[in-house]
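A look at the structure
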Amino acid sequence: MSSAEPFVLSVPLAILYQDQYIVAVDKPSGMLVHRSFLDKHETVFVMQTLRDMLGQHVFPVHRLDRPTSGVLLFALSAEIARLLGQQQEQQLWRKYYLAVVRGFMTSAGQLDYPLKEELDKIADKFSRADKAPQHAVTRYQPLQQIELPIPVSKYPAARYSLVALQPLTGRKHQLRRHLAHLRYPIVGDTSHGDGKHNALFKQHFNCRRLLLVAKQLQLPHPVTGETLSLSAGLNELESLFSQFGWPLAEDYYQQQFAAHFLEEKWQKSP
């Protein structure tokens, strides 16, 4: 989606979970979380849409990039927002993503690669440009692969992988930048990706979005302490996954996240 094309919410915003303390929604790709003077032409935002749906104010506690879809959590009071912020500081949240990347990723791993802060020319014009790179860690696990008989660049076929991701830190564009560093850029990434492969997906699959989904968020309930597991849908990517023969069932992805991102597994890794 071009930044010059205002986002249109074609279906109602999907609520994934709601009680008297918190509410989680499935944020569509292309939808801004809140108003921004960088996108003055936009008129539809998650915060305002959700506020109007619930008839009360909502408090953002984390963010998703505009082109990323998936689980987005809000507090329903300032006190709950404070408690959720403390949980994040204590690293009690577990976030799991799905991405479609260029190439055949054949092995899992953990990338510990510091990222220099990306500054916006307008929003960050008073920020220091010489700050040291920030600690950034991402775990990755290939799940599926496909080779398409479509020539791209100098190759006779195009290869892609479906990858599960767990960011252990929350740097700006961390997953996009880490996968680009690994030479497996996310399809649809106009900043860090491969333009030829982005164009292939537009032409052959009418797919114009970033292929990155915040699929699952696990956290303790801020009041009861009960473990919550909030899952977003594949939504418009279901058609693409179906064409590729990739799993659509929610149970499959829950099982993959549980199997591959167990803390014990990574603690035993060299």
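Residues numbered from 1 in each chain as written. Predicted model: local features only at pLDDT ≥ 70, side-chain atom pairs only at ≥ 80, totals over all residues. Heavy atoms only, no water.

**Quick word on the packing of aromatic side chains**
Tallying each qualifying case throughout the model produces 10 aromatic pairs. Taken together, a centroid distance of 5.7 Å and an interplanar angle of 10° make the contact between Y96 and F261 stacked. Residue Y96 is located in strand β5 (residues 94–102), and its partner F261 is located in the loop between α6 (250–260) and α7 (263–268); the two are separated by 165 residues in the primary sequence. Judged by relative accessible area, F261 falls into the buried class, the value being 2%. Considering the side-chain rings of F205 and F244, the 5.4 Å spacing of their centres and the 85° angle between planes classify their relative orientation as edge-to-face. Of this pair, F205 sits in helix α4 (residues 195–205) while F244 sits in helix α5 (residues 237–244), and the two are 39 residues apart along the sequence. (Phe/Tyr/Trp six-rings, centres within 6.5 Å; stacked < 30°, edge-to-face > 60°. Helix = DSSP H or I, 4+ residues; strand = E, 2+ residues; numbered from the N terminus. Buried < 20%, exposed > 50% of the residue type's maximum accessible area, 1.4 Å probe, protein only.)

**A word on the nonpolar core**
Within the largest apolar cluster, 30 residues are counted, with the highest numbers of intra-cluster contacts made by V100, Y160, F201, F241 and Y253. Among the secondary structure elements, those contributing two or more residues to this core are β5, β7 (137–148), β8 (158–167), α4, α5 and α6. Apart from the residues lying within four places of it in its own chain, the contact partners of V100 are Y160, S161, L162, P185, I186, V187, F201, L211, F241 and W246. Membership of the second largest hydrophobic core comes to 29 residues, among which are V23, V58, A99 and L179. (Core = buried A, V, L, I, M, F, W, Y, C linked by side-chain atoms within 4.5 Å. Contact = heavy atoms within 4.5 Å.)

What is shown is where atoms sit, not what they do.
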